[in-house]
Amino acid sequence: MTDKGPRPLGPGEARTRQRRRNQAIYIGVAALAGGVIGFATGFFDQGDGNLFAGDWEDLKLPPAMALGIAALLLAVFVALPIYGFRMIDDYKREQNLVAFSGGCIAVVAGFPIWAALHAGGFVPAPHAFGIFAIAYVSTIISYGYARWRL
């Protein structure tokens, strides 16, 4: 037998490679957009605000930059996930829906719980980054649950 080079890919193998390539591009675009948002917010801040400390009243951006960041955030948090759901199979879509639902439920329940605990003097006042962190962490935990239990 002689080796005539690599064997041609079958349709399933070609589709799998294309899906992996598209997923890498998707993740790269999402990471790049997140980096641009973070860089622009930090670099062009004209005040002494801090996203992590909740000093929102001290955060100042030029109006055009604020509009650009808002548009990019809309694309990242709405358009990319909707597009991403179209790229994955039914099983992975179900896992991601469980993850998103877990994040949403955590925010809907987490904010009033945090506010009640603050009113009782147990924790500091709720702030936007804390709410985002609740959503992010609970989404990851929900995805982990869905990934290994469904």
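What you see is a predicted model, and the numbers here were worked out from it, not measured in a lab. Within any chain, residue numbers begin from 1 and follow the written order of that chain's sequence. With pLDDT at 70 or above as the cut-off, local features in this predicted model cover only qualifying residues; side-chain atom pairs require 80 or more to be listed or tallied, and sums for whole chains, interfaces and linings still use all residues. Calculation of side-chain values draws on the structure's entire complement of heavy atoms; hydrogens and water are dropped beforehand.

## Here we look at the overall build of the protein
Then, in step 1: Here a helix means four or more residues in a row that DSSP labels H or I, a strand means two or more in a row labelled E, and each is numbered from the N terminus. Summing up its helical and strand segments, the protein has 4 helices and 0 strands in all.
Then, in step 2: Starting at the N terminus and walking to the C terminus, you meet the elements of the protein as α-α-α-α.
Then, in step 3: Its C-alpha atoms give the protein a radius of gyration of 21 Å, clearly above 15 Å, the size a compact globule of 150 residues would have.
Then, in step 4: Taken along the three principal axes of its C-alpha coordinates, the protein extends 80 × 40 × 25 Å.
Then, in step 5: Any two residues whose heavy atoms approach within 4.5 Å are treated as being in contact. Partitioning the intrachain contacts of the protein with sequence separation of at least 6 by distance along the chain shows that 53% fall at a separation of at least 24.
Then, in step 6: Areas reported as accessible are Shrake-Rupley estimates using a 1.4 Å probe. Residue values count occlusion only from the protein chains shown. Element-wise, carbon and sulfur atoms account for 69% of the exposed surface of the protein, whose accessible area totals about 11000 Å². Within these notes, the globule rule equals 2.2 Å times the number of residues to the 0.38 power, and the radius of gyration is based on C-alpha atoms.

## Structural notes on the pattern of salt bridges
Then, in step 1: Put simply, a salt bridge is a Lys or Arg side-chain nitrogen that is within 4 Å of an Asp or Glu carboxyl oxygen. Under the criterion given, the structure shown has 1 salt bridge.
Then, in step 2: Measuring nitrogen to oxygen at the nearest pair gives 2.8 Å for the salt bridge that ties arginine 93 to aspartate 90. Of this pair, arginine 93 and aspartate 90 are both found in helix α3 (residues 90-119), 3 residues apart, which corresponds to roughly one turn of the helix.
Then, in step 3: Between buried and exposed lies partly exposed: a residue is buried under 20% and exposed over 50% of the maximum accessible area for its type, with that area taken using a 1.4 Å probe on protein chains only. With a relative accessible area of 26%, arginine 93 lands in the partly exposed category.
Then, in step 4: Of the residues examined, aspartate 90 reaches a relative accessible area of 59% and is grouped as exposed.

## Here we look at the packing of aromatic side chains
Then, in step 1: Side-chain rings of Phe, Tyr and Trp (the six-membered ring for Trp) are treated as a pair once their centres are within 6.5 Å; stacked means planes under 30 degrees apart, edge-to-face means over 60, and tilted covers the remaining angles. Taken as a whole and judged by the stated rule, the model has 7 aromatic pairs.
Then, in step 2: With a centroid separation of 5.1 Å and 15° between ring planes, the pair formed by phenylalanine 39 and phenylalanine 43 is classed as stacked. One end of the pair, phenylalanine 39, and the other, phenylalanine 43, are both in helix α1 (residues 11-43), 4 residues apart, so they sit about a helical turn from each other.
Then, in step 3: Ring pairing ties together the aromatic residues Phe77, Phe129, Phe132 and Tyr136, which thus form one cluster.

## Notes on the layout of surface pockets
Then, in step 1: In this structure, the largest pocket spans a volume of roughly 1900 Å³.
Then, in step 2: We place a 1 Å grid over just the protein atoms. Points where a 1.4 Å probe fits but has no way out form a cavity, open points with protein on both sides within 12 Å along at least 5 of 7 lines form a pocket, and any residue with an atom within 4 Å of a point lines it. As for the largest pocket, its lining consists of 43 residues, and the residues nearest its centre are Val76, Phe77, Pro81, Phe100 and Tyr136.
Then, in step 3: At the level of elements, α1, α2 (63-87), α3 and α4 (128-149) are the ones that each hand at least two residues to the lining of the largest pocket.
Then, in step 4: Per-element accounting of the lining of the largest pocket gives the leading share, 11 residues, to α1. Grid points are joined across faces, edges and corners, and a volume is the space filled by probe spheres set on the points.

## Brief notes about the packing of α3 against α4
Then, in step 1: Axis definition: a line fit to C-alpha positions, over the contact stretch in the case of helices; interaxial angles, taken between N-to-C directions, run 0 to 180 degrees. Taken N-terminus to C-terminus, the directions of α3 and α4 make an angle of 145°; their axes are 7 Å apart at the nearest point. Classified by chirality, the crossing of α4 by α3 is right-handed. Judged by residue contacts, Tyr91, Gln95, Asn96, Val98, Ala99, Phe100, Gly102, Gly103, Ala106, Val107, Phe111 and Trp114 of α3 engage Gly130, Ile131, Ile134, Ala135, Ser138, Thr139, Ser142, Tyr143, Ala146 and Arg147 from α4. Take the far helix as the reference: if the near one is turned anticlockwise from it by less than a right angle, the crossing is left-handed, and if turned clockwise, right-handed.

## Some details on the nonpolar core
Then, in step 1: Here, the term nonpolar core denotes a set of buried Ala, Val, Leu, Ile, Met, Phe, Trp, Tyr and Cys residues that are joined through side-chain atoms within 4.5 Å. With 6 residues, the main nonpolar core is built from Ala33, Ile37, Ala40, Ile69, Val76 and Leu80.
Then, in step 2: Breaking this core down by element, the ones donating at least two residues are α1 and α2.
Then, in step 3: Excluding its chain neighbours within four sequence positions, the residues that come into contact with alanine 33 are Leu72 and Val76.

## So, α2
Then, in step 1: Under the 1.5 Å per step criterion, the end-to-end length of α2 is 35 Å for 25 residues, consistent within 8% with the ideal 36 Å.
Then, in step 2: For a residue, the bend is simply the angle between two axes, fitted respectively to the seven-residue segment ending there and the seven-residue segment starting there. The largest bend in α2 is about 30°, located at alanine 75.
Then, in step 3: Of the residues making up α2, those classed as buried are Ile69, Val76, Leu80, Pro81, Gly84, Phe85 and Met87.
Then, in step 4: Buried residues in α2 make contact with α1 and α3. By this rule, a helix spans an expected 1.5 Å times one less than how many residues it contains.

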